[in-house]
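What the coordinates show
Okay, here's what each chain looks like letter by letter:
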Amino acid sequence: MKAPGVLVVGGGIAGLCAAISARRAGARVLLVESAPRWRRGGNSRHARNFRFCHDRPSALVAGSYPADVFADDLARATAGGADAALSRLLIERSRAAPQWLRDAGVALQALGRGRLPVSSKTAFLLGGGQAMVNALYACAEGLGVEIRYGCAAGQARLSGNRLVGIDLRSACQATHPGQQLAETVAPDAVVLACGGAQGNAHWLRQHCGERVEGFINRGTPDARGDILIELLAAGAQAVGDPGRLYLVAVDARSPAEDGGIVTRIRGMPLGLVVDREGRRRHDEGADQGSTRYALWGQRLADYPGQIGYLLLDAKGLNAAPAALYPPLIAPDVQGLARQTGINADALESTWLAYNAAMRACPSLHSPPLDPPRTGPAAVLETPPFAAYPMRPGLTFSYHGLAVDARARVRLASGEPIGNLFAAGTLMAPNLCPQGYLSGLMLTIGLVFGCLAGEEAAHVARA
Ligand SMILES: Cc1cc2nc3c(=O)[nH]c(=O)nc-3n(C[C@H](O)[C@H](O)[C@H](O)COP(=O)(O)OP(=O)(O)OC[C@H]3O[C@@H](n4cnc5c(N)ncnc54)[C@H](O)[C@@H]3O)c2cc1C
């Protein structure tokens, strides 16, 4: 094969933005996506909103979101861990995100239409991430980007501070069913946009221990991290912590992979959360914010067997946010214990103690309990009773490749590799090494995807 000017590895938001930008800048672009066509788009398929800086309200957002407020939010969420120069770049370039998406054919949700929350900081994709991915693929194809599905990039070969070749493996169903074709190509520049390693069970066990057996990967199984792992071994600089994961509370009955956003459980402030021994471990009412499911994801990771149960009475169930699976239902607490396998005596005594504390505290704020129960709370006494089994749902890991302000991958020495770029989840820990802001990851994918594509095209032209 004749080597492309720019090779883009991965076809989620970061790769698609890189491919479109590089092509618009005049480069010949090949995008390789390891998944088959029907599963293209990685975790970007699952996303729904992105965060961007703006000075006034619009059809997409209520109010303004000035750069300094975005910067403060990012600093708070990441406990000051975000790279300062890259944060400024992200925030400034995020201004153009809505128009860039529209120009590429992506439809955005008008504010206040449908059932999505009104926000001054994030805008929603009409039709969600899948619709965005489909539009970006159509745009890339229309511009003449060559796309190969079922084609995985492997080892990136370095010579000093240059990439001199990269291995590609393609499933060749048409001519050699079941076989793989392997080749090494030497493009002028490569953009790596192939996500993290959170879909790699071996890697997860190695860094996070046996407890990951109890986690559910709510995103793509194609985040195998092979290139990340190999590049770090070859001398690239790491950012973040491989043992740190962004987890959210999901229904324990969700598929092992790719269940997406609908598997979240969010009704904790309306009920009681116990572990499999029937014990409460945390204050269910302390976190009322929209990201509470993420705090619960971290907590569940420390529960015995990485499983917990949200228990509600009929009133709580009625008020709880919609969930994908129906809850387990029983006329009494013993019935719930039988269905869930929770120790019945322990569950009953936790339940009785909880209700006694609620009755003893007429204001229903901060009744005396250990752990405490803050926020509005109610006696759980109206049958039937309901239980949602919950596990930590894995979204991404806080570990990736260090990049400079041109999105070039850095060597451990700090020197950039001149023709190797990274975008999206793969380099997101430069900006988000811990914590999270909703809509941040799509913005990182878009901003650094576009930047990497422009820079790669520049290298390819030189
Ligand atoms: C359920 C869920 C909901 C989310 N919701 C939001 C949200 O609302 N807002 C937000 O900002 N973020 C959200 N996120 C996070 C966000 O979706 C991702 O972080 C972001 O889309 C990642 O984009 P990316 O392009 O870096 O990676 P991906 O979209 O994962 O794309 C990487 C691609 O690379 C391919 N690939 C992997 N290895 C190779 C290889 N060796 N060779 C070739 N191809 C390869 C994969 O198949 C994949 O298609 C959500 C994540 C999940 C799981």
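A few points on the structure. Since we're looking at a predicted model, the values are computed, not measured.

**Considering the pairing of strand E7 (residues 162–171)**
Across seven bridges, the pairing between strand E6 (residues 151–159) and E7 is antiparallel. What sits directly across from Ala156, in E7, is Ile166. With antiparallel pairing between neighbouring strands as the criterion, E6 and E7 make up a hairpin whose turn holds two residues, including Gly160 at a positive phi of roughly 60 degrees. With six bridges joining them, E7 and strand E8 (residues 180–185) adopt antiparallel strand pairing. Note that in E8 the partner of Arg169 across the bridge is Ala182.

**Description of the nonpolar core**
Among the nonpolar cores identified, the biggest contains 111 residues, and Leu192 and Phe448 are the most heavily contacted of them. Looking at this core element by element, the count peaks at 14 residues for helix H12 (residues 440–461). Grouped together as the second largest cluster of nonpolar side chains are 21 residues, Leu336, Trp351, Met358 and Leu369 included.

**Regarding the sheet that holds strand E5 (residues 146–149)**
Read across the open sheet, the six strands follow the order E5-E2-E1-E9-E17-E16; overall the sheet is mixed. Two strands bound the open sheet, and with one partner strand each, they are E5 and strand E16 (408–410). Averaged over all adjacent pairs, the angle separating strand axes in this sheet is 30 degrees, with direction ignored. Two elements, strand E2 (residues 29–33) and E5, share four bridges in a ladder whose sense is parallel. The residue of E5 that forms the bridge with Leu30 is Glu146. In the packing of H12 onto the sheet, the strands contacted are strand E1 (6–9), strand E9 (189–192) and strand E17 (416–422), and the crossing angle to E17 comes to about 140 degrees.

**Describing the site of the ligand**
Surveying the vicinity of the ligand reveals 38 residues, the closest of which are Glu33, Ser44, Arg48, Asn49 and Leu442. Between an oxygen atom of the ligand and a side-chain N or O atom of Ser44, the distance comes to 2.5 Å. Take Arg48: an N or O atom from its main chain is 2.8 Å from an oxygen atom of the ligand. Contributing elements (two or more residues each) for the shell around the ligand: helix H1 (13–24), E2, E6 and H12. Residue composition of the shell around the ligand, by class: 17 nonpolar, 17 polar and four charged.

**Some details on helix H11 (residues 344–360)**
In this model, H11 (17 residues) spans 24 Å end to end at C-alpha, consistent with the 24 Å of a helix rising 1.5 Å per residue. Taken together, the buried positions of H11 are Leu347, Thr350, Trp351, Tyr354, Asn355, Ala357 and Met358. Projected down its long axis, H11 shows its buried positions confined to an angular sector of 155 degrees, all on one face. With respect to the buried face of H11, the exposed residues turned more than 90 degrees away are Asp345, Leu352, Arg359 and Ala360. Its buried side turned inward, H11 meets strand E12 (272–275), strand E13 (308–312), helix H10 (333–340) and strand E15 (385–401).

**Quick word on the packing of aromatic side chains**
A full pass over the atoms with the stated rule returns eight aromatic pairs. Relative to Tyr149, the ring of Tyr137 lies with its centre 5.9 Å away and its plane at 40 degrees, an arrangement referred to as tilted. Remark: Tyr149 occurs in strand E5 and Tyr137 occurs in helix H5 (residues 128–143); sequence separation between them is twelve residues. Here Tyr137 falls in the buried class, since its relative accessible area comes to 0%. An angle of 50 degrees between the planes, with centres 5.0 Å apart, marks the rings of Tyr246 and Tyr436 as tilted. With a gap of 190 residues between them, Tyr246 in strand E11 (residues 238–251) and Tyr436 in the loop between E17 and H12 connect regions that are remote in the sequence. Overall, the relative accessible area of 22% leaves Tyr436 in the partly exposed class. Grouped by ring-pair contacts, the aromatic residues Tyr246, Phe396, Tyr398 and Tyr436 constitute a single cluster. For Arg281, the ring lying beneath its charged end belongs to Tyr303, and the centroid distance is 5.3 Å. Sitting over the ring of Trp296, Arg299 keeps its end group 4.7 Å from the ring centre.

**Brief notes about the packing of H1 against H12**
Each pair of packed helices gets described by two things: the angle between the helix axes and the distance between those axes. Orientation of H1 relative to H12, taken along the N-to-C sense of each, is 35 degrees, at an axis distance of 7 Å. Between H1 and H12 the crossing geometry is right-handed. Packed against H1, whose contacting residues are Ile13, Ala14, Cys17, Ala18, Ser21 and Ala22, the element H12 presents Leu442, Gly445, Leu446, Gly449, Cys450, Gly453, Glu454 and Ala457 at the interface. In the contact of H1 with H12, the residues fall into nine nonpolar, four polar and one charged.

**Section: unusual backbone geometry**
The peptide bond linking Asp370 to Pro371 adopts the cis configuration, its omega dihedral lying at -5 degrees. Within the element layout of this structure, Pro371 appears in the loop between H11 and E15. The omega torsion of the bond from Pro383 to Pro384 falls at 0 degrees, within 30 degrees of zero and hence cis. Here Pro384 lies in the loop between H11 and E15. Backbone geometry at Asp258 places phi at a positive 65 degrees, although glycine is not the residue there. Note on placement: Asp258 falls in the loop between E11 and E12. Phi at Ala407 is positive, roughly 65 degrees, even though this residue is not glycine. Along the chain, Ala407 turns up in the loop between E15 and E16. Overall, the relative accessible area of 0% leaves Ala407 in the buried class.

Reading the values: the criteria
- Residues numbered from 1 in each chain as written.
- Predicted model: local features only at pLDDT ≥ 70, side-chain atom pairs only at ≥ 80, totals over all residues.
- Heavy atoms only, no water.
- Pairing = 2+ DSSP bridges.
- Helix = DSSP H or I, 4+ residues; strand = E, 2+ residues; numbered from the N terminus.
- Core = buried A, V, L, I, M, F, W, Y, C linked by side-chain atoms within 4.5 Å.
- Buried < 20%, exposed > 50% of the residue type's maximum accessible area, 1.4 Å probe, protein only.
- Axes fitted to C-alpha atoms, helices over the stretch in contact; angles between N-to-C directions.
- Contact = heavy atoms within 4.5 Å.
- Near = heavy atom within 4 Å.
- Polar contact = N/O pair within 3.5 Å; in protein donor to acceptor, adjacent residues only side chain to side chain.
- Nonpolar A, V, L, I, M, F, W, Y, C, P; charged D, E, K, R; others polar.
- Expected span 1.5 Å × (residues − 1).
- Arc of directions from axis to C-beta.
- Phe/Tyr/Trp six-rings, centres within 6.5 Å; stacked < 30°, edge-to-face > 60°.
- Lys NZ or Arg CZ within 6 Å of the ring centre and 35° of its normal.
- Left-handed = near helix turned anticlockwise from the far one by under 90°.

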